[in-house]
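Here is how the chains run, residue by residue.
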Amino acid sequence: IKDRSILRAVGGQAKAGRLHAIMGPSGSGKTSLLSALSGTCDRRLKLSGDLRADGVAVDKVEGAYVRQQDVFYPYLTVRETLTFAATLRLGPDADVPTIVDSILMKTGLAKAADTIVGDDKI
């Protein structure tokens, strides 16, 4: 496969404790950027440049994002959806209810916690 750049001359700043949105058309590199920032890129990819948190060089950034491949079950509530995802990712020993409550508060979704997620058919 021929070498090609997926992202070039990308820069930015994200303030701690804020919700951020990365927007752009399909194929613009949004998922590639998030994968690079979170350290989840395919290991065969070559990454170059600096990644800094509070001015200190880091290998990856701690954070969370919803991947394009994530599936939401339309008949579950927001709380049930987060609980399901957290249980799968964190395992049975994690204090999932406390973690989910914290996420609901931090994202401003506490009022909608018991609302059905739904889809285009519900």
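This write-up is about the structure you can find in this document. (Residues numbered from 1 in each chain as written. Predicted model: local features only at pLDDT ≥ 70, side-chain atom pairs only at ≥ 80, totals over all residues. Heavy atoms only, no water.)

### As for a nonpolar patch on the surface
- On the surface, Ile6, Leu7, Val10, Leu45 and Leu47 cluster together to form a nonpolar patch covering roughly 440 Å² of accessible area.
- Structurally, Leu47 is set in the loop between helix H1 (30-38) and strand S1 (52-53).
- Classification of Leu47 as exposed rests on a relative accessible area of 55%. (Patch = residues over 30% accessible without salt bridge, like charges linked within 9 Å, V, L, I, M, F, W, Y side chains within 5 Å. Areas by Shrake-Rupley, 256 points an atom, 1.4 Å probe, with all protein chains shown as cover. Salt bridge = Lys/Arg side-chain N within 4 Å of Asp/Glu carboxyl O. Helix = DSSP H or I, 4+ residues; strand = E, 2+ residues; numbered from the N terminus. Buried < 20%, exposed > 50% of the residue type's maximum accessible area, 1.4 Å probe, protein only.)

### Considerations on helix H2 (residues 78-90)
- Taking 1.5 Å per residue as the helical rise, H2 with its 13 residues ought to reach 18 Å, and the 18 Å between its terminal C-alpha atoms agrees with that figure.
- Where H2 is concerned, the buried positions are Val78, Thr81 and Ala86. For H2, the angular spread of the buried residues around the axis is 125 degrees, confining them to a single face.
- Taken together, the buried residues of H2 touch helix H3 (96-107).
- Gly91 occupies a position one or two residues after H2 and carries a positive phi of about 90 degrees. (Expected span 1.5 Å × (residues − 1). Arc of directions from axis to C-beta. Contact = heavy atoms within 4.5 Å.)

### Observations concerning the nonpolar core
- Residues Val78, Ala86, Val96, Val100, Leu104 and Ala113 constitute the largest nonpolar core, which totals 6 residues.
- Taken together, the elements giving at least two residues each to this core come down to H2 and H3.
- Ranked by the residues each element gives to this core, the list is headed by H3, at 3 residues.
- Ignoring anything within four residues of it in the chain, the contact list for Val78 reads Leu104, Leu109, Ala112, Ala113, Thr115 and Val117. (Core = buried A, V, L, I, M, F, W, Y, C linked by side-chain atoms within 4.5 Å.)

### Describing H3
- Counted at 1.5 Å a residue, the expected span for H3 with its 12 residues is 16 Å, and the 16 Å between its end C-alpha atoms agrees.
- Listed as buried for H3 are Val96, Val100 and Leu104. Projection of H3 onto a plane perpendicular to its axis shows the buried side chains occupying an angular sector of 70 degrees, all on one side. In H3, the exposed positions that point more than 90 degrees away from the buried face belong to Met105 and Lys106.
- Those residues of H3 that are buried are in contact with H2.
- Directly beyond the C-terminal end of H3, a positive phi value near 75 degrees is found at Gly108.

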